[in-house]
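Take a look at the letters that make up each chain.
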Amino acid sequence: MYASTERMRGLTYAAAAACDAAADEDPIVELAKALCDEAYRSVTHEAIQVHGGIGFTWEHDVQLFYKRALRYSASLGTSRSLLYATGRRLARLEAAWDEYTCPVDTPLQEDRATHG
């Protein structure tokens, strides 16, 4: 649970840095939301399992975090829909890259020409 939380913290910092840089085309924000949503649900579900029966009762705060994770996922968009939208946007960027022709031959263009 700790490793998952720390990974998502780093991903959130990267998304915040992309927002500060006003990188509108950077898909890191949608990816961060989708992956953090999945991690939040997973970690809170594991916390309930670790705490046993007390984790889902009113006497412990773990149940609040679990219910919030489910509610945030439903209200802010599911991770599946965000990943789908991000994939479509990346596909459009890839198509735009394929249409782009650089006036100078670069090693990257040569690699793309030989490797597909």
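Data block above holds the structure.
## Here's the deal with helix α1 (residues 2-20)
And step 1. Across its 19 residues, α1 extends 27 Å between first and last C-alpha, which sits within 8% of the 27 Å expected from 1.5 Å per residue.
And step 2. Turning to α1, its buried residues number three or more, namely Ser4, Met8, Leu11, Ala15 and Ala18. Viewed along the axis of α1, the buried residues span an arc of 70 degrees, placing them on a single side of the element. Those residues of α1 that are exposed and aimed more than 90 degrees away from the buried face are Tyr2, Tyr13 and Asp20.
And step 3. The secondary structure elements touched by the buried residues of α1 are α2 (28-51).
And step 4. Once α1 finishes, Ala22 follows within two positions and takes phi at roughly 55 degrees, a positive value.

## Thoughts on the pattern of salt bridges
And step 1. Counting across every chain of the model gives 3 salt bridges.
And step 2. With a shortest N-O distance of 3.1 Å, Glu6 and Arg9 are connected by a salt bridge. Residue Glu6 and its partner Arg9 are located together in helix α1, separated by 3 residues, close to a single helical turn.
And step 3. Given a relative accessible area of 29%, Glu6 falls into the partly exposed group.

## A few points about the packing of α1 against α2
And step 1. Contact geometry for α1 and α2: axes closest at 9 Å, N-to-C directions at 155 degrees. Between α1 and α2, the angle falls in the class roughly antiparallel. For the crossing formed where α1 meets α2, the hand is left-handed. Listed contacts from α2 to Ser4, Thr5, Met8, Leu11, Thr12, Ala14, Ala15, Ala18 and Cys19 of α1 are Ile28, Val29, Leu31, Ala32, Leu35, Cys36, Ala39 and Val43.
And step 2. The residue makeup of the contact of α1 with α2, split by class, is 14 nonpolar, 3 polar and no charged.

Calculation notes
Residues numbered from 1 in each chain as written. Predicted model: local features only at pLDDT ≥ 70, side-chain atom pairs only at ≥ 80, totals over all residues. Heavy atoms only, no water. Helix = DSSP H or I, 4+ residues; strand = E, 2+ residues; numbered from the N terminus. Expected span 1.5 Å × (residues − 1). Buried < 20%, exposed > 50% of the residue type's maximum accessible area, 1.4 Å probe, protein only. Arc of directions from axis to C-beta. Contact = heavy atoms within 4.5 Å. Salt bridge = Lys/Arg side-chain N within 4 Å of Asp/Glu carboxyl O. Axes fitted to C-alpha atoms, helices over the stretch in contact; angles between N-to-C directions. Parallel < 35°, antiparallel > 145°, perpendicular 65-115°, else oblique. Left-handed = near helix turned anticlockwise from the far one by under 90°. Nonpolar A, V, L, I, M, F, W, Y, C, P; charged D, E, K, R; others polar.

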